[in-house]
Each structure stands twice: as structure tokens, then as C-alpha cells.
Amino acid sequence: MDIFESMRAGGLLRQDDPRLPEMWKVVSNTIKLSPALNSSTDIDQIRQRLSEIIGREIDKSTIVFVPFYTNFGRHIWLGKNVFINHACSFLDLGGITIEDDVQIGPKVNLITENHPIDPTHRKSLDLKSILLKRNVWIGAAATILPGVTVGENAIVAAGAVVKQNVDANTIVAGVPAKVVRKI
């Protein structure tokens, strides 16, 4: 299994893994491409430059506002009719899948990476993917943590920190996020 398959599969990626230079090469390329993305002046240009970072064409119905931040990019999958507002950060080493019709507010953080509690392994990465199902709405400045699936039609309130899966047709809010009602 190559390092990219291992990353998408999730779990521990040890700091001494001999395949890490392959990952760092992609990170370096993303760092190099990000200034051009974030100086884009129209939606088509943003879509084109972000497509270059993620390695696949973004559908014309999807809109992303800059600035947009990612540390890797190649493990982001965007559906159709997705809207991503200003100043979002996607740490996608573990994989981020965003299905069709998802709305993401400004300053949202999608984080697929963590570190072990054990201090002797702290520099290793613990990767878990994030999945935002169809028609999800993520409010401003919310944070979705590693391994979370947000179910279809669910809403994550502004400022929430989500560490557990969110059922479909549910609204969650708070730190940590808790169900406040069903839709």
C-alpha cells in the first residue's frame, strides 16, 4: 500500500515512516500553489486553481470563496452545488468528502489529523476521514474533528465543535456539539 492509500485508510502514520517524503512533496506543492489560489479575483479562477491543488476538476456549480486554506489538498473531494465561504481551513491528510448541495460558512475548520496522547509517539499522525453528506449546512466558525460523519440534511450551528457523528436531519450546537433538535 502506498502512503496515500494508507493515509486515506486512516489510523496511525508513524513519524519514522520511510514513505513520508512522498507526502511532504505534495504538501510542498500545495504550499507553492496556495498564494495564487488566494489571490484569485473571480470564481472561475478560484475553481481552476483549487482544482490544480486537489488534483481533480471542481464542478462548475461549486463555489469557493478565498481565502481558502489546505495543508495537502489531494484528499479533498467536492460534490456538485457546494458552497464554501471565506477563510475555511481543510486539513485533509485523512480525507475530506463533501457530497452535493453542502453549504459551509466562513471560518469553518475540517480537521482529519490528530496526534497520539503518548508523548513518545506525539509527532506521529492519527488520521481519520470526515464525511459531509448531502445537503449539510455547517455554520460559521464551526470545527469538525477527525472521524466525523455529518448526516444528510443536518445542521451544525455556528461555533460548534463536533467530535461525534451527527445523525441525518439533526441540528447540533455547542462545545462539544450536542443535539438541540430534529428537523
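All values derive from a computational prediction rather than experimental measurement.

> Now, about the pattern of salt bridges: what can you tell me, with residues and values included?
Taken as a whole and assessed by the stated rule, the structure comprises seven salt bridges. With its nearest N and O atoms 2.8 Å apart, the salt bridge here joins Asp17 to Arg19. Taking the relative accessible area as the measure of exposure, Asp17 reaches 15% and is therefore buried. One network of salt bridges, with partners in common, ties together Asp101, Arg134 and Glu152.

> Describe helix H2 (residues 20-38), and please don't skip the residues or the numbers.
In a regular helix each residue adds 1.5 Å, so 19 residues correspond to 27 Å; H2 covers 27 Å between its end C-alpha atoms and thus fits that length. Taken residue by residue, H2 has Leu20, Met23, Val26, Val27, Thr30, Leu33, Ser34 and Leu37 as its buried positions.

> Quick rundown of the side chain of Thr70? Include the residues and the values.
Structurally, Thr70 is set in strand E3 (residues 68-70). With a relative accessible area of 11%, Thr70 lands in the buried category. Here the side chain of Thr70 touches Phe72 through a polar contact of 3.4 Å, landing on its backbone nitrogen. At 3.2 Å, the side chain of Thr70 forms a polar contact with the backbone nitrogen of Gly73.

> I'd like a description of the environment of Leu132, backed by residues and values.
Here Leu132 lies in strand E12 (residues 130-132). Owing to a relative accessible area of 0%, Leu132 belongs among the buried residues under this scheme. It is 6.1 Å that separates the C-alpha atoms of Leu132 and Glu99, two residues lying 33 residues apart in sequence. Setting aside its immediate chain neighbours within four residues, Leu132 contacts Thr97, Ile98, Glu99, Val102, Ile104, Leu110, Ile138 and Val150.

> Which residues make up the sheet that holds strand E7 (residues 96-98), and what values do they have?
Overall, parallel pairing links the four strands, which are arranged E4-E7-E12-E15 in an open sheet. Here the strands that pair on one side only, and so sit at the sheet edges, are strand E4 (76-78) and strand E15 (149-150). Pairing of E7 with E12, which is carried by three bridges, proceeds in the parallel orientation. The residue of E12 that forms the bridge with Thr97 is Leu131.

> Can you tell me about the sheet that holds strand E17 (residues 161-162), naming the residues and giving the values?
Consider a sheet: its strands pair through backbone hydrogen bonds, and that pairing is either parallel or antiparallel. As summarised here, the arrangement of the five strands in space is E3-E6-E9-E14-E17, forming an open sheet in which the pairing is parallel. For this open sheet the edge positions go to E3 and E17, each flanked by a neighbour on one side alone. With three bridges connecting them, strand E6 (residues 88-91) and strand E9 (residues 109-111) associate as parallel partners. Paired with Ser89 across the two strands is Asn109, which belongs to E9.

> Could you give me a rundown of the environment of Thr70, with the residues and numbers involved?
Residues Thr70 and Leu50, spaced 20 residues apart in sequence, show a C-alpha to C-alpha distance of 9.9 Å. With near-sequence residues (within four places) excluded, Thr70 lies in contact with Thr30, Ser34, Ile53, Ile76, Phe90 and Asp92. A distance of 2.7 Å separates polar atoms of two side chains, one belonging to Thr70 and the other to Asp92.

> Could you give an account of unusual backbone geometry, with specific residues and numbers?
Here Val66 and Pro67 are connected by a cis peptide whose omega angle stands at 5°. Mapped onto the elements of the fold, Pro67 is located in the loop between strand E2 (63-64) and E3. Along the chain, Val175 connects to Pro176 via a cis peptide bond; the corresponding omega equals -5°. One can find Pro176 in the loop between strand E18 (170-173) and strand E19 (178-182).

Parameters at a glance
- Residues numbered from 1 in each chain as written.
- Predicted model: local features only at pLDDT ≥ 70, side-chain atom pairs only at ≥ 80, totals over all residues.
- Heavy atoms only, no water.
- Salt bridge = Lys/Arg side-chain N within 4 Å of Asp/Glu carboxyl O.
- Buried < 20%, exposed > 50% of the residue type's maximum accessible area, 1.4 Å probe, protein only.
- Helix = DSSP H or I, 4+ residues; strand = E, 2+ residues; numbered from the N terminus.
- Expected span 1.5 Å × (residues − 1).
- Polar contact = N/O pair within 3.5 Å; in protein donor to acceptor, adjacent residues only side chain to side chain.
- Contact = heavy atoms within 4.5 Å.
- Pairing = 2+ DSSP bridges.

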